[in-house]
Amino acid sequence: MLGVRIVCLGKLQEPFWQGAVAEYQKRLQSLCRLELIQLPEERLPQNPSPAQIAAGLEKEAGLILPRLRGTVCPLCIEGRLLDSPGMAALLDQAMQSPGSVTFVIGSSHGLAGRVKQAGQGISMSKMTFPHQLARVMLCEQVYRGLQILRGSAYHK
């Protein structure tokens, strides 16, 4: 069974985000071994300088990098755009070798370069989304991708 690890910065504060992620966790139980890892977002001043942002991202990278396993897919704006069948293909490839995939969702300032370079970046859209919504969208796309691989009618 495919191991899917989602490493993300920050907590889901609102009950509606928590409920949406919990629903996909429940749906994914029989399809993969899902592991959600929430790491603390580095606290920055109200209007951080570029140097402060870079230092914060590097501290976050120190927490993220030891948790990467298998095929690594940082979510970043400069990553390649995937449609749902493309996500299914990525999951299928991860199932073949090495049998696990790690997705990384950064904080509101993104991800450090060394995290992006640790794998193949993917982008959900050319639009920008809050990282809480990105977590829900990623869970749904993992579910959809696995349903596509099963030949389910979920993806129409």
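Right above here is the structure, for reference.
An account of the accompanying structure is given in this report. (Residues numbered from 1 in each chain as written. Predicted model: local features only at pLDDT ≥ 70, side-chain atom pairs only at ≥ 80, totals over all residues. Heavy atoms only, no water.)

This brings us to the environment of Gln 13. Note that Gln 13 resides in the loop between β1 (3-9) and α1 (15-28). Put simply, Gln 13 and Gln 132 are 119 residues apart on the chain and 8.5 Å apart in space, counted from C-alpha to C-alpha. (Helix = DSSP H or I, 4+ residues; strand = E, 2+ residues; numbered from the N terminus.)

Turning our attention to the pattern of salt bridges. Per the counting criterion, the structure on display carries 7 salt bridges. Ionic pairing is found between Arg 5 and Glu 35, a salt bridge with its closest N-O pair at 2.9 Å. With a gap of 30 residues between them, Arg 5 in strand β1 and Glu 35 in strand β2 (residues 33-39) connect regions that are remote in the sequence. We classify Glu 35 as partly exposed; its relative accessible area is 34%. We note a salt bridge from Glu 23 to Lys 26, for which the minimum N-O separation is 3.6 Å. Taken together, the residues Glu 23 and Lys 26, both in helix α1 and 3 residues apart, mark about one turn of the helix. The network of salt bridges with shared partners includes Glu 23, Lys 26 and Arg 27. (Salt bridge = Lys/Arg side-chain N within 4 Å of Asp/Glu carboxyl O. Buried < 20%, exposed > 50% of the residue type's maximum accessible area, 1.4 Å probe, protein only.)

Bringing the sheet that holds β1 into the picture now. Across the sheet, 5 strands lie side by side as β2-β1-β4-β3-β5; this open sheet has parallel pairing. Two strands close off the open sheet at either side, each with one partner strand: β2 and β5 (122-123). Pairing between strand β3 (residues 71-81) and strand β4 (residues 100-105): 4 bridges, direction parallel. Each bridged residue has a counterpart across the sheet, and for Val 72 the counterpart in β4 is Thr 102. Across the face of the sheet, helix α3 (residues 84-96) comes into contact with β3, β4 and β5 while running at roughly 130 degrees to β4. (Pairing = 2+ DSSP bridges. Contact = heavy atoms within 4.5 Å. Axes fitted to C-alpha atoms, helices over the stretch in contact; angles between N-to-C directions.)

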